[in-house]
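# An overview of the molecular structure
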Amino acid sequence: MKKLVQFFILIVLVSAALLFTITKMNESQGFTSGNTLTIYNWGDYINSDLIDRFEEETGVKVIYETFDSNEAMKTKIEQGGTTYDIAVPSEYMIDKMRKEDLLIPLDHSKLPNLKNIDERFMDLPFDPQNKYSVPYFWGTVGIVYNPSMLDGKEIRSWNDLWDEDLKNEILLIDGAREVMGMGLNSLGYSLNDTDPAHLLEAKEKLNSLTPNIKAIVGDESRMLLENQEAAIGLVWSGVASELMYENEDLEYVVPVEGSNLWFDNMVIPKTAKNVEAAHQFINFMLDAEVAAENTEYVSYSTPNKAALPLLPEELVNDERFYPSPELTEKLEVYENLGVKNLAYYNELFLEFKMHRK
């Protein structure tokens, strides 16, 4: 019995020594609860040089993790296994998260660079008075196409996609809101429409597009469009910008009927352990010079008006990515449709995909 007690004490002492050693090693690398910031963002959605700069300027060590969907991000934050200090959800998910008490209100007094954000992108319905979120990037959903593969044909309308000459040329995003929204907009309806008759009409019209659809895909669309395996893609504006940088033959258009205006905003989840550093980082990213550098790397549109003079004129004057006020008025932010309506969107989208088979 005495030997058993001695063995147990030895194990406790060894464990304590190991814990002390690990703690000291983490401290030497900057990994302590007081000066570590854990960020949860979309993949390849920040210039990593800026993270290095933030660490150097503040002494805060950044741990950076990525997600591939708003839903996956929300689930992980709800579970609380990892204490994320900053996340970057889209507008409809911000609405959900604030209503479910998953976000910490921002202290605007700690965000002096908030003045750099264009007022057009503040105080929107998904987060009144920006109590919980700060704009990071924004953009549109539209059509990227290769005129050289279409005998010079121009695309200006959603309805142009139904042209019989476009057989097997179109790639669609594998997303219910984007594709159903396209169908609704093509009929003159809002992409937030919840009228069952309108939604069914949109699905039936999408069914008639089937001969022109090459595939419904995710990130693979970039490769297929780059390799000219398809002439047309339904894409987000940032993807279009990247593709056009690689291939000058490509064009991008926001259809005349209107489309989606989306926002990704920085928030502080309820799980945050370093709220002070989270505010520091958000304010850092709102700096005009930092925002400009990040915008050139990411290729999406910046809401930071102070950064615009620091960006190439050909970029900020390009109405394909910085639409005119006239077109902007036709754009809609995705609204939180509620569980029942969203389930119906998903059901109709699944039926549409099954119809293709």
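Basis of the calculations
- Residues numbered from 1 in each chain as written.
- Predicted model: local features only at pLDDT ≥ 70, side-chain atom pairs only at ≥ 80, totals over all residues.
- Heavy atoms only, no water.
- Helix = DSSP H or I, 4+ residues; strand = E, 2+ residues; numbered from the N terminus.
- Buried < 20%, exposed > 50% of the residue type's maximum accessible area, 1.4 Å probe, protein only.
- Contact = heavy atoms within 4.5 Å.
- Areas by Shrake-Rupley, 256 points an atom, 1.4 Å probe, with all protein chains shown as cover.
- Lys, Arg positive; Asp, Glu negative; His and termini not counted.
- Charge placed at Lys NZ, Arg CZ, Asp CG, Glu CD.
- Phe/Tyr/Trp six-rings, centres within 6.5 Å; stacked < 30°, edge-to-face > 60°.
- Axes fitted to C-alpha atoms, helices over the stretch in contact; angles between N-to-C directions.
- Parallel < 35°, antiparallel > 145°, perpendicular 65-115°, else oblique.
- Left-handed = near helix turned anticlockwise from the far one by under 90°.
- Nonpolar A, V, L, I, M, F, W, Y, C, P; charged D, E, K, R; others polar.
- Pairing = 2+ DSSP bridges.
- Polar contact = N/O pair within 3.5 Å; in protein donor to acceptor, adjacent residues only side chain to side chain.
- Salt bridge = Lys/Arg side-chain N within 4 Å of Asp/Glu carboxyl O.
- pLDDT = per-residue confidence, 0-100.

### Some remarks on the overall build of the protein chain
Looking only at helices and strands, the protein chain features 13 helices and nine strands. Each principal axis of the C-alpha distribution contributes one length, and for the protein chain these read about 85 × 55 × 40 Å. Relative to its full complement of 357 residues, the protein chain shows a buried share of 51%. Put simply, 75% of the contacts in the protein chain that link residues at least 6 apart link residues at least 24 apart. Surface accessibility of the protein chain: about 17300 Å² in total, with carbon and sulfur atoms responsible for 52%. In the protein chain, the 31 positive side-chain charges and the 60 negative ones have mean positions that sit 9 Å from each other.

### Comments concerning the environment of Asp318
Mapped onto the fold, Asp318 is located in the loop between α11 (313-316) and α12 (325-328). Owing to a relative accessible area of 16%, Asp318 belongs among the buried residues under this scheme. A sequence separation of 17 residues divides Asp318 from Glu335, and the C-alpha atoms of the two residues are 27 Å apart.

### A few points about the packing of aromatic side chains
How two aromatic rings sit relative to each other is set out by the distance from centre to centre and by the angle between their planes. A full pass over the atoms with the stated rule returns 17 aromatic pairs. Taking the centre distance of 4.7 Å and the plane angle of 55 degrees together, the rings of Trp42 and Phe67 count as tilted. With Trp42 in strand β1 (residues 36-42) and Phe67 in strand β2 (residues 61-67), this residue pair connects regions lying 25 residues apart in the sequence. What makes Phe67 buried here is its relative accessible area of 6%. Judged by centre distance (5.5 Å) and plane angle (40 degrees), the ring pair of Tyr45 and Phe137 falls under tilted.

### Considering the packing of helix α2 (residues 48-58) against helix α9 (residues 275-285)
Between α2 and α9, the shortest axis-to-axis distance is 11 Å and the interhelical angle comes to 125 degrees. Comparing the axis directions of α2 and α9 gives the class oblique. Seen along the crossing, α2 lies across α9 with a hand that is right-handed. Taking contact as the criterion, the partners of Leu50, Arg53, Phe54, Glu57 and Thr58 in α2 are, on α9, Ala277, Gln280, Phe281, Phe284 and Met285. Per-class residue counts for the contact of α2 with α9 are six nonpolar, two polar and two charged.

### Remarks on the side chain of Asn47
Along the chain, Asn47 falls in the loop between β1 and α2. Owing to a relative accessible area of 9%, Asn47 belongs among the buried residues under this scheme. Those residues in contact with Asn47 that lie beyond four places of it in its chain are Glu293, Asn294 and Tyr297.

### Observations concerning unusual backbone geometry
Here the phi dihedral of Asn130 falls at roughly 50 degrees; this positive angle occurs in a residue that is not glycine. Of note, Gln228 is a non-glycine position whose phi angle comes to about 55 degrees, a positive value. Within the element layout of this structure, Gln228 appears in the loop between α7 (220-226) and β7 (232-236).

### Details of the pairing of β7
In terms of burial, β7 is a largely internal element, four of the five residues being buried. Across five bridges, the pairing between strand β4 (residues 133-145) and β7 is antiparallel. Looking at the pairing, Ile143 lines up with Leu234 of β7.

### Section: the packing of helix α5 (residues 176-186) against helix α6 (residues 196-207)
Look at α5 against α6: their axes get within 8 Å of each other, and the N-to-C directions meet at 100 degrees. Taken together, the axes of α5 and α6 lie roughly perpendicular to each other. Only His198, Leu199, Ala202, Lys203, Lys205 and Leu206 of α6 make contact with α5, whose side of the interface consists of Val179, Met180, Met182, Gly183, Leu184 and Ser186. For the contact of α5 with α6, the residue count by class is seven nonpolar, three polar and two charged.

### Overview of α5
Where burial is concerned, most of α5 is hidden: 11 out of the 11 residues are buried. Ala176, Arg177, Glu178, Val179, Met180, Gly181, Met182, Gly183, Leu184, Asn185 and Ser186 are the residues of α5 that are buried. Looking at the buried side of α5, the elements it contacts are β4, β5 (170-173), α6, β7 and α13 (338-356). Looking one or two places after α5, you find Gly188, whose phi comes out positive at around 90 degrees.

### Quick word on the side chain of Asn260
Within the fold, Asn260 resides in the loop between β8 (251-253) and β9 (261-267). Here the side chain of Asn260 touches Glu332 through a polar contact of 3.1 Å, landing on its backbone oxygen. In this view, Asn260 contacts Gly139, Thr140, Val141, Leu191, Glu332, Val333 and Tyr334; residues no more than four positions away in its chain are not counted.

### Observations concerning the pattern of salt bridges
This model, assessed by the stated rule, comprises 20 salt bridges. Notably, a salt bridge pairs Asp95 with Arg98, separated by 3.0 Å at the nearest N-O pair. Note that Asp95 and Arg98 are positioned in helix α4 (residues 91-99) at a spacing of three residues, about one turn of the helix. A salt bridge links Glu276 to Lys110, with the nearest nitrogen and oxygen atoms 2.9 Å apart. A residue pair is termed long-range when its members are at least 10 positions apart, and Glu276 in helix α9 and Lys110 in the loop between α4 and β4 qualify at 166 residues. A residue is classified by how much of its surface remains accessible, and Glu276, at 43% relative accessible area, is partly exposed. Owing to a relative accessible area of 35%, Lys110 belongs among the partly exposed residues under this scheme.

### Quick look at the confidence of the model for the protein chain
Overall, the prediction assigns the protein chain a mean pLDDT of 89, with 90% of residues at 70 or greater. Scored below 50 in pLDDT, residues 14-33 shows 10 contacts in the model against residues more than four places distant or in partner chains.

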